[in-house]
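# Summary of structural features
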Amino acid sequence: MLTDGVRLTDHHCHGVHTGKLDRRGFERLLGEGAHGSFDSAIGLAVRRWCAPALDLPAHVSPDVYLRHRTRLGAGEVAARLLRATGVTRWYLDTGIGGGTADFAALVDGEVREVVRLEEVAERVVAQVGAVSGVYERIEAELRARAARAVGLKTIVAYRCGLDFPVRDHPPTSFAPEHRLTDPHVLGWLVGLGARIGAEFGLPLQFHTGFGDPDLGLRHSDPLLLTDFLRRTAGTGLSVMLLHCWPFHRHAAYLAHVFDHVHLDLGLTIPYVGQRAGAVLAETLELAPFRALCYSSDGYGLPELHYLGALLWRRGLGKLMDEWIADDAITVADAEVLVNAIAHGNAERVYRARFEHPVG
């Protein structure tokens, strides 16, 4: 396959759990709900693909897999699976799952931080409360973190939905929420992130599409960002729409009509298992080839990082084979497309941060 051996830039992922896990703990991390399960497409994928990577036969039972995993130790499992992905650059959302230092010890390649807006704001509020000047403190802290980061991330989809009010100025009143949910505060925070992102050359990532039960799925449709995207067009900001399923065609449309919009399929790929190629094909119906980036959104289990890479390679590789067989694309053009999605697009979009360092 054309995707074999192609290096990857994982532009959005998280740290891994390196402590002991029983079956319940493993399955909890295997799904987005309160209780994941081996009885799923991703459970089948773990048994089929992760087992051989850990020197087990394919399709071993869940109990055999977990006993062997325990014998190896979680740290050894993580190092093996992460280093087998072919990823050479990892952009880590440190808002959940730990920091860059622990992750860097497990992987090959460069590890850089993606700063989560809500985590920064909530940390400041926890420190100072709703005092006069809290907005200025949040901005100062966010600028300090951004100066060392490769990107910014918002989970506003979880907090109030993607139809948040876009604000240039903060609201006059501010309730000291431990978990920010006020749409006007969040709208200001996202606007601030957009301005800092444009100034520093940092892409702003948005969670869109499916996630855990804390999310209202109908409020995570990226089409709800249309007004925000109109306002940020031409400002120098790059927007990354993450995950997207089941709205991946909506995200592809937005990337089609807005030059500063990019997208990935993130956690979609490992969860849809054998259907990865179909989802990639649906996304590429309309998305410009320059707009689609690779990410795994791996979190907790290194199996998710590994499956994200493996199933992406298999899905896109089979799709390119079909296009070549139908004479829809040349081998040379297919190689260009694969390399662009694998690493080229992300490196082009994120490189502004390295060409124009701040501070």
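The structure this text deals with has already been given above.
Conventions and cut-offs
- Residues numbered from 1 in each chain as written.
- Predicted model: local features only at pLDDT ≥ 70, side-chain atom pairs only at ≥ 80, totals over all residues.
- Heavy atoms only, no water.
- Helix = DSSP H or I, 4+ residues; strand = E, 2+ residues; numbered from the N terminus.
- Rg over C-alpha atoms; globule rule 2.2 N^0.38 Å.
- Buried < 20%, exposed > 50% of the residue type's maximum accessible area, 1.4 Å probe, protein only.
- Contact = heavy atoms within 4.5 Å.
- Areas by Shrake-Rupley, 256 points an atom, 1.4 Å probe, with all protein chains shown as cover.
- Lys, Arg positive; Asp, Glu negative; His and termini not counted.
- Charge placed at Lys NZ, Arg CZ, Asp CG, Glu CD.
- Patch = residues over 30% accessible without salt bridge, like charges linked within 9 Å, V, L, I, M, F, W, Y side chains within 5 Å.
- Salt bridge = Lys/Arg side-chain N within 4 Å of Asp/Glu carboxyl O.
- Core = buried A, V, L, I, M, F, W, Y, C linked by side-chain atoms within 4.5 Å.
- Polar contact = N/O pair within 3.5 Å; in protein donor to acceptor, adjacent residues only side chain to side chain.

Within the chain, the secondary structure is distributed over 16 helices and 8 strands. For the chain, whose C-alpha radius of gyration is 20 Å, the value lies close to the compact-globule estimate of 21 Å for 359 residues. Projected onto its principal axes, the C-alpha positions of the chain cover 60 × 50 × 40 Å. Within the chain, the proportion of its 359 residues that are buried is 56%. A fraction of 71% describes how many contacts in the chain between residues 6 or more apart in sequence connect residues 24 or more apart. Roughly 14600 Å² of accessible area belongs to the chain as shown, and the carbon and sulfur atoms make up 51% of that amount. Distance between charge centres in the chain, computed from 37 positive and 43 negative side chains, equals 4 Å.

Okay, a nonpolar patch on the surface next. Taken together, the side chains of Leu223, Tyr253, Val257 and Leu286 make up a nonpolar region of the molecular surface, amounting to roughly 310 Å² of accessible area. The partly exposed category is assigned to Leu286, whose relative accessible area is 37%.

The next subject is the nonpolar core. Soluble globular proteins tend to pack their nonpolar side chains together in the buried interior. Counting residues in each nonpolar core, the largest one holds 111 residues, and the members touching the most others are Tyr65, Phe206, Phe228, Leu241, Trp312 and Leu316. Per-element tally for this core: the top contributor is helix H14 (residues 302-325), with 10 residues. Beyond its immediate stretch of four places on either side in the chain, Tyr65 contacts Phe26, Phe38, Val46, Cys50, Ala51, Leu54, Leu56, Val60 and Glu303. Residues Val114, Leu242, Cys293 and Ala346 belong to the second largest nonpolar core, which totals 9 residues.

Moving on to helix H1 (residues 23-30). Turning to H1, its buried residues are Gly25, Phe26, Glu27, Leu29 and Leu30. For H1, the elements touching its buried residues are helix H2 (41-53), helix H3 (62-72), helix H12 (268-272) and H14.

In total, this model carries 23 salt bridges according to the counting rule given. Between Lys153 and Asp93 there is a salt bridge; the shortest N-O distance is 2.9 Å. Of the two residues, Lys153 sits in strand E4 (residues 151-154) while Asp93 sits in strand E2 (residues 87-93), which places them 60 residues apart along the sequence. We note a salt bridge from Glu119 to Arg145, for which the minimum N-O separation is 3.4 Å. Of this pair, Glu119 sits in helix H6 (residues 117-128) while Arg145 sits in helix H7 (residues 134-146), placing them 26 residues apart in sequence. The pair Glu119 / Arg145 is uniform in exposure class, with both members buried. Each of Arg7, Arg89, Glu110, Arg112 and Glu347 takes part in salt bridges that share partners, so that together they form one network.

Attention now goes to a negative patch on the surface. A contiguous patch of negative charge on the surface is contributed by Asp321, Glu322, Asp326 and Asp327. Tracing the sequence through the fold places Asp327 in the loop between H14 and helix H15 (331-350).

By the secondary structure assignment, Thr226 is in helix H10 (residues 226-232). Owing to a relative accessible area of 17%, Thr226 belongs among the buried residues under this scheme. Spatially, the C-alpha atoms of Thr226 and Leu30 are 32 Å apart, while their sequence positions differ by 196 residues. The contacts of Thr226, once residues within four sequence positions are left out, are Leu254 and Phe258. A distance of 2.6 Å separates the side chain of Thr226 from the backbone oxygen of Leu223, its partner in a polar contact.

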